[in-house]
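# Report on the structure
Listed below are the residues making up each chain.
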Amino acid sequence: MKFRESFDVVVVGGGHAGCEAALAAARMGARTALFTFNLDLIAQMSCNPAIGGIAKGHLVREIDALGGIMGEIADKTGIQFRLLNASRGPAVQAPRCQSDKARYRKEMRAKLHAQPHLLLLASEVVEILVEKGEVQGVGLADGSKVGAAAVVLTTGTFLNGLTHIGDQRSAAGRLGEAPSIRLARCLKEMGFRIGRLKTGTPPRLDGRTIDYSRFEEQKGDEKPTFFSFRTGAPSLPQVSCHLGYTGERVHQLLRANLQRSALYGGAIVGIGPRYCPSIEDKVVKFADRARHQIFLEPEGLDTDEVYLNGMSTSMPVEIQEEMVHAVPGLERARIVRPAYAIEYDFVDPTELEATLETRRIVRLFHAGQINGTTGYEEAAAQGLVAGINAGLRAQGREGVVFPRTESYIGILVDDLVTRGVDEPYRMFTSRSELRLLLRIDNADLRLTPLGHRLGLVADAEYAACLDKYELIGQIRRFMQLQRWDPAELALAHIEPASGKGQTLEQLLRHPGMTLGDFEPLLRKHGLWPTSAVRKSVEIEVHYQGYIEQQQREAEKMQRMSLRRIPADFDYAEISGLSREVKEKLARARPKDLATAARIPGITPAAVSILNIQLELRQKKARTES
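Residues numbered from 1 in each chain as written. Predicted model: local features only at pLDDT ≥ 70, side-chain atom pairs only at ≥ 80, totals over all residues. Heavy atoms only, no water.

Helices and strands together make up the secondary structure of the protein chain, namely 20 helices and 20 strands. Here the protein chain has a C-alpha radius of gyration of 26 Å; the compact-globule value for 625 residues is 25 Å, and the two agree. Each principal axis of the C-alpha atoms in the protein chain carries an extent, and together these give about 80 × 80 × 50 Å. Per-residue burial for the protein chain yields a buried fraction of 55% across its 625 residues. In the protein chain, of all internal contacts separated by at least 6 residues, the share reaching a separation of at least 24 is 72%. Accessible area of the protein chain: about 27,000 Å², with a carbon and sulfur share of 49%. Of the charged side chains in the protein chain, 82 are positive and 77 negative; the average position of the first set lies 2 Å away from that of the second. (Helix = DSSP H or I, 4+ residues; strand = E, 2+ residues; numbered from the N terminus. Rg over C-alpha atoms; globule rule 2.2 N^0.38 Å. Buried < 20%, exposed > 50% of the residue type's maximum accessible area, 1.4 Å probe, protein only. Contact = heavy atoms within 4.5 Å. Areas by Shrake-Rupley, 256 points an atom, 1.4 Å probe, with all protein chains shown as cover. Lys, Arg positive; Asp, Glu negative; His and termini not counted. Charge placed at Lys NZ, Arg CZ, Asp CG, Glu CD.)

The following block contains the structure:
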């Protein structure tokens, strides 16, 4: 093939997955090109102008710990920060920020532009060039060809994208933007299993036409919890969001016009996200609810546009206007951009290895909504994994697999490649078997060493991480050895009789105790830490028993993952397994027993039989050798 030019890694798509993939590959030294339709729309927030949330905030913390960029940009452009589930346990607490949409896009593009080894190119990729089962590069709409040792596809909702507003349909990747038709056809012709999914957005309102006095103001936290371990303070002025509710007028209007919705009128065939349903879906499926929450979320400091979170719909524009005006406080609200639903193609993620490399084509990677996920954070996490592995493979090195016992990123990838999707996949803390080990406060402990080895985390940042955990260890050891001396340490929460003879760590486990109660003594010994370190110490002490229990469970899962399954293993010969189980194992080709156990429909009994067969095979191999 004759190429116009060649790169180590080509990334297709400039969304959240593409940005992380391109930056990771370039930072690892791979000469990288990112192709996208419009350079001005890199890192566009197509839906809500926010980053993080339950479990999603965990993903962003992990991205940051690995050396990714989403957390840093979110902090720099955040206009409201809130820690969700603050009153609950540390496993489910997660940061969320309202973002300045335009500034986020601008900052991300500047970061990409300044990155050595990375070139941004505005062009449409229409073909994946393959020879003898290995990727060779990409074909562009102008007919030219670009060579690549590895290619990462991050196509978002653009593959055969189709937008719906009532009965009006338009081929688009986002409203007003052209879809990727030829690339979708190319993937289908290559033999990939293609499915169809749906998502949508609510109307955007002119904030000047909203009566905010009818809504409940929601301010951000006085002491923000940031995504990046390096952020110390907000960069931008902070604003409020507002909470309101739909009512019976809205619900009656929707019920009377259900058939005019693209979703209920039959125009949409793709499956939508269960946990982020349209307002008409809510009214139908939760008919007993008298009202539903809606949030007014500002899209930035320099715009009057407001995102009407909770009112995603595919109703015609005239119904959208009636619906909005039926909400108290929005009687005079002007819609500046209508809501719409969008259908798009995705590729079955069970066609991927755990590195996100396709099994069908060597050194071709998929990341983001092409794998059936929904959400900026899930996309960015996959982009980082794909970018890392594309960079490694382009350099002739082995890929990296993220175990599900060590990160939500690992859970995300493992769920996709072993279970597949039948609806848009969204991350939840409940997807983790070990969520007390995968907290936001220890993401750097779990992942920064790997980020440093890969060249994504600078020496100074890695040294700061080591210093942090050395200090945590020093404080823990000090409190385990030091006993309460009432003459030296007066604690208002502890009576002398109940505290007698106890170590400081034992005292810290008493209800209501915090590390602040030991501040004078810790300061005296030069051990008074930052608030982030104090929180980590308190969590480790208060939850020590539960943490140790989950660590034992993680070790058990690790042992199962070490029981490797040969690539040529013949499941058909195993007696005791049903035909369905044999077919599922043969199709998924799990690499180890732990992965096999997570395939839907594989029972514990089947796993036990498989384990026995692997042991017998191993014994036979030892005897023959």
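Picking up after the structure, the text goes on.
We now examine the layout of surface pockets. In this model, the second largest pocket occupies a volume close to 1,200 Å³. Lining the second largest pocket are 40 residues, with Arg-61, Ser-531, Ala-532, Val-533 and Lys-535 positioned closest to its centre. For the lining of the second largest pocket, the secondary-structure elements that each account for two or more residues are helix 2 (56-66), helix 11 (443-454), helix 12 (459-481) and helix 16 (531-542). Sort the elements by how many residues they give to the lining of the second largest pocket and helix 16 lands first, with nine residues. Among the residues making up the lining of the second largest pocket, the classes are represented as 17 nonpolar, 12 polar and 11 charged. (1 Å grid on protein atoms, 1.4 Å probe; cavity = no way out; pocket = protein on both sides within 12 Å on 5 of 7 lines; lining within 4 Å. Points joined across faces, edges and corners; volume = space filled by probe spheres on them. Nonpolar A, V, L, I, M, F, W, Y, C, P; charged D, E, K, R; others polar.)

Moving on, we come to the packing of aromatic side chains. Ring pairs (aromatic) are described by centroid distance and by the angle formed between their planes. On inspection of all chains with the given rule, the structure shows three aromatic pairs. Centroid distance Phe-37 to Phe-158: 5.6 Å. Interplanar angle 35 degrees. Geometry classified as tilted. A residue pair is termed long-range when its members are at least 10 positions apart, and Phe-37 in the loop between strand 2 (32-36) and strand 3 (50-52) and Phe-158 in the loop between strand 9 (145-153) and strand 10 (162-165) qualify at 121 residues. Phe-37 sits in the partly exposed class, given a relative accessible area of 35%. Given the relative accessible area of 12%, Phe-158 is considered buried. (Phe/Tyr/Trp six-rings, centres within 6.5 Å; stacked < 30°, edge-to-face > 60°.)

Turning to the sheet that holds strand 4 (residues 78-84), a few remarks are in order. Strand pairing in a sheet takes place through backbone hydrogen bonds and is either antiparallel or parallel in direction. The strand order 3-5-4 describes an open sheet built from three strands, whose pairing is antiparallel. Edge positions in the sheet fall to strand 3 and strand 4, since each has one partner strand and no second. In this sheet, neighbouring strand axes are inclined to one another by 20 degrees on average, regardless of whether the strands run parallel or antiparallel. (Pairing = 2+ DSSP bridges. Axes fitted to C-alpha atoms, helices over the stretch in contact; angles between N-to-C directions.)

Reading across the sheet, the four strands line up as 11-10-19-12 and stay open at both edges, with antiparallel pairing between neighbours. Only two strands of the sheet have a single neighbouring strand rather than two, namely strand 11 (168-171) and strand 12 (194-201). Here the average twist between neighbouring strands, direction ignored, is 25 degrees. Note: strand 12 against strand 19 (residues 340-347), eight bridges, orientation antiparallel. Each bridged residue has a counterpart across the sheet, and for Thr-201 the counterpart in strand 19 is Tyr-340.

The first and last C-alpha atoms of helix 16 sit 16 Å apart over 12 residues, in line with the 16 Å expected at 1.5 Å per residue. Taken together, the buried positions of helix 16 are Val-533, Ser-536, Val-537, Glu-538, Ile-539 and Val-541. Looking at the packing, one finds that the buried side of helix 16 touches helix 12, helix 14 (504-508) and helix 17 (544-562). (Expected span 1.5 Å × (residues − 1).)

What follows deals with the nonpolar core. One finds Val-9, Ile-51, Tyr-104, Met-108, Val-152, Ile-388 and Phe-402 to be the most contacted residues of the largest nonpolar core, which totals 82 residues. Of all the elements, helix 9 (residues 376-394) adds the most residues to this core, at 11 residues. Setting aside residues no more than four positions away along its own chain, Ile-388 makes contact with Ala-24, Met-28, Phe-402, Leu-454 and Leu-456. (Core = buried A, V, L, I, M, F, W, Y, C linked by side-chain atoms within 4.5 Å.)

This part takes up the environment of Asn-389. Examined against the element boundaries, Asn-389 turns out to sit in helix 9. For Asn-389, a relative accessible area of 0% gives the class buried. Taking the C-alpha atoms as reference points, Asn-389 and Gly-68, separated by 321 residues in sequence, lie 14 Å from one another. In this view, Asn-389 contacts Thr-355, Phe-365, Gly-399 and Val-400; residues no more than four positions away in its chain are not counted. Of note is the side chain of Asn-389, whose polar atom sits 3.3 Å from the backbone oxygen of Thr-355. (Polar contact = N/O pair within 3.5 Å; in protein donor to acceptor, adjacent residues only side chain to side chain.)

So, about the side chain of Thr-374. The topology assignment puts Thr-374 in the loop between strand 20 (364-366) and helix 9. In contact with Thr-374, other than residues within four places in its own chain, are Lys-56, Pro-424, Tyr-425 and Arg-426.

Here we take up the pairing of strand 1 (residues 5-12). Pairing analysis gives seven bridges linking strand 1 to strand 9, with the strands arranged parallel. Within strand 9, the residue paired with Val-11 across the bridge is Val-152. Where strand 1 lies against strand 2, four bridges are found, and the strand directions are parallel. In the sheet register, Val-11 faces strand 2, and the bridge partner there is Leu-34. Remark: the strand 1/helix 1 (residues 16-27)/strand 2 crossover connection has right-handed handedness. (Right-handed = clockwise from strand over helix to strand, strands pointing away.)

As enumerated under the stated definition, the model contains 51 salt bridges in all. Between Arg-230 and Glu-461 there is a salt bridge whose closest N-O contact spans 3.8 Å. Pair noted here: Arg-230 is in the loop between strand 14 (216-218) and strand 15 (241-245) and Glu-461 is in helix 12, with a separation of 231 residues, a long-range link. According to the relative accessible area criterion, Arg-230 is partly exposed, its value standing at 39%. Glu-461 gets classed as partly exposed once you look at its relative accessible area, which sits at 31%. Between Arg-477 and Glu-470 there is a salt bridge, with its nearest N and O atoms 3.4 Å apart. (Salt bridge = Lys/Arg side-chain N within 4 Å of Asp/Glu carboxyl O.)

Two cysteines, two sulfur atoms, one covalent bond between them: this is a disulfide. Under the counting rule described, the total for this entry stands at zero disulfides. Left without a disulfide partner, Cys-97 is nearest to the cysteine sulfur of Cys-241, which lies 10 Å away. (Disulfide = S-S within 2.5 Å.)

So, on to the side chain of Gln-80. Along the polypeptide, Gln-80 turns up in strand 4. Among the polar contacts made by the side chain of Gln-80, one reaches the main-chain carbonyl oxygen of Val-239 at a distance of 3.3 Å. Residues in contact with Gln-80, not counting those within four places in the same chain, are Arg-96, Cys-97, Gln-98, Gln-218, Lys-219, Gly-220, Gln-238, Val-239, Ser-240 and Cys-241.

The element strand 5 (residues 94-99) is largely enclosed, with a buried count of six among its six residues. Here strand 5 shows two buried faces, one formed by Ala-94, Arg-96 and Gln-98 and the other by Pro-95, Cys-97 and Ser-99. As paired elements, strand 4 and strand 5 share six bridges and run antiparallel to each other. Looking at the pairing, Phe-81 lines up with Cys-97 of strand 5.

Okay, the packing of helix 11 against helix 12 next. Their axes nearest at 10 Å, the elements helix 11 and helix 12 cross at an angle of 150 degrees. One way to sum up the angle between helix 11 and helix 12 is to call them roughly antiparallel. As helix 11 runs across helix 12, the sense of the crossing is left-handed. Contacts between helix 11 and helix 12 involve Asp-444, Leu-445, Thr-448, Pro-449 and His-452 on the former and, on the latter, Asp-459, Tyr-462, Cys-465, Lys-468 and Tyr-469. (Parallel < 35°, antiparallel > 145°, perpendicular 65-115°, else oblique. Left-handed = near helix turned anticlockwise from the far one by under 90°.)

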